[in-house]
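Breakdown of the fold
Take a look at the letters that make up each chain.
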Amino acid sequence: KNNLLVYYNPKEYKSKKIVNIMKKKVIIIIVVIVVLFIAVISALTYVVMFSDKKVSCEGISNQIERDFCWSNLALQTQDIGPCKKTEGFGKKDGCIIAVAILAKDELSCNEIELKNVKESCISGVAAAKQDVSLCNKLEGTKNSCINGVAVQKRDVSICEIIDSIPSKDSCI
């Protein structure tokens, strides 16, 4: 007869549970960044008339179209200035994130007030630049930032600098 001994280790169970939670957090952060980026990129569908490389979106009466105009201008010029003129909820931060990632400019992220959104911006820039050193500026999302850089560089060895075992185990 074969006796099957079932071994239950509460630490192992808790560790797996933490890994699953960390994976979900990373996925949520990535989804938020992608959704914000897509929202701003969709602004490119609107035609903006350039005259001497200056655009005035102020004459557009519809707020949504005006925000798209400002976002489009910001993306075209890779300058966050026009982002500051958007009025819709979340439009300014989404625009800044998209421009910062496109321009690979982490300093633009400093214009974002909410800490978690600012960290998402820096994580996006770090991945775009494939620069893991930017992740060291982060607190709450440092490990997911490192994971994002590892994914972009396709280099699992980067995961070794993650300081949390569950996050390190779920890296890439």
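Residues numbered from 1 in each chain as written. Predicted model: local features only at pLDDT ≥ 70, side-chain atom pairs only at ≥ 80, totals over all residues. Heavy atoms only, no water.

**A few points about the state of the cysteines**
Under the counting rule described, the total for this entry stands at four disulfides. In this model, C57 is linked to C69 through a disulfide, with the two sulfur atoms separated by 1.9 Å. The chirality of the disulfide connecting C57 with C69 is left-handed, given an S-S dihedral of about -70°. Of this pair, C57 sits in the loop between helix 1 (10-41) and helix 2 (63-77) while C69 sits in helix 2, placing them twelve residues apart in sequence. Given a relative accessible area of 0%, C57 falls into the buried group. Bridging C135 to C145, the disulfide has an S-S length of 2.1 Å. Residues C135 and C145 are joined through a disulfide that is left-handed, its torsion about the S-S bond being -70°. Here C135, found in the loop between helix 4 (115-129) and helix 5 (142-153), pairs with C145, found in helix 5; they are ten residues apart in sequence, far enough to count as distant. Just as C135 is buried, C145 falls in that class too. (Disulfide = S-S within 2.5 Å. Helix = DSSP H or I, 4+ residues; strand = E, 2+ residues; numbered from the N terminus. Buried < 20%, exposed > 50% of the residue type's maximum accessible area, 1.4 Å probe, protein only.)

**Quick look at the environment of G140**
Looking at the secondary structure, you find G140 in the loop between helix 4 and helix 5. Between the C-alpha atoms of G140 and K115, which are 25 residues apart in sequence, the distance is 9.1 Å.

**Section: a nonpolar patch on the surface**
Together, V151, V156 and I172 line one region of the surface with nonpolar side chains, adding up to about 270 Å² of accessible area. Here V151 is to be found in helix 5. (Patch = residues over 30% accessible without salt bridge, like charges linked within 9 Å, V, L, I, M, F, W, Y side chains within 5 Å. Areas by Shrake-Rupley, 256 points an atom, 1.4 Å probe, with all protein chains shown as cover. Salt bridge = Lys/Arg side-chain N within 4 Å of Asp/Glu carboxyl O.)

**Quick look at the environment of E106**
Within the secondary structure, E106 is located in the loop between helix 3 (91-103) and helix 4. Discounting chain neighbours no more than four positions away, the residues touching E106 are V125, K129, L134 and K137. (Contact = heavy atoms within 4.5 Å.)

**Thoughts on helix 2**
With 15 residues, helix 2 ought to run about 21 Å at 1.5 Å a step, and its terminal C-alpha atoms sit 21 Å apart, in line with that. Every buried residue belonging to helix 2 is among R66, D67, F68, C69, W70, S71, N72, L73, A74 and L75, and all of these are buried. Q78 lies just past helix 2 and shows a positive phi near 50°. (Expected span 1.5 Å × (residues − 1).)

**Focus: the nonpolar core**
Within the largest apolar cluster, 29 residues are counted, with the highest numbers of intra-cluster contacts made by C83 and V99. Elements that contribute at least two residues to this core include exactly helix 2, helix 3, helix 4 and helix 5. Setting aside residues no more than four positions away along its own chain, V99 makes contact with A74, L75, Q78, D79, I80, C83 and K104. (Core = buried A, V, L, I, M, F, W, Y, C linked by side-chain atoms within 4.5 Å.)

**As for the confidence of the model for the protein**
On average, the protein scores 80 in pLDDT, and the residues at 70 or more come to 69%. Per-residue pLDDT, averaged within each element of the protein, yields its smallest value for helix 1 (63) and its largest for helix 3 (95). Low confidence marks residues 43-54, where pLDDT is under 50. Its contacts with residues over four positions away, or in another chain, come to 17 contacts. (pLDDT = per-residue confidence, 0-100.)

**Some thoughts on the packing of helix 4 against helix 5**
It is at 8 Å that the axes of helix 4 and helix 5 come closest, and there the two elements cross at 25°. Considered as vectors, helix 4 and helix 5 are oriented roughly parallel to each other. For the crossing formed where helix 4 meets helix 5, the hand is right-handed. Touching S123, A126 and A127 of helix 4 are C145, G148, V149 and Q152, all from helix 5. Residues belonging to the contact of helix 4 with helix 5 are distributed by class as follows: four nonpolar, three polar and no charged. (Axes fitted to C-alpha atoms, helices over the stretch in contact; angles between N-to-C directions. Parallel < 35°, antiparallel > 145°, perpendicular 65-115°, else oblique. Left-handed = near helix turned anticlockwise from the far one by under 90°. Nonpolar A, V, L, I, M, F, W, Y, C, P; charged D, E, K, R; others polar.)

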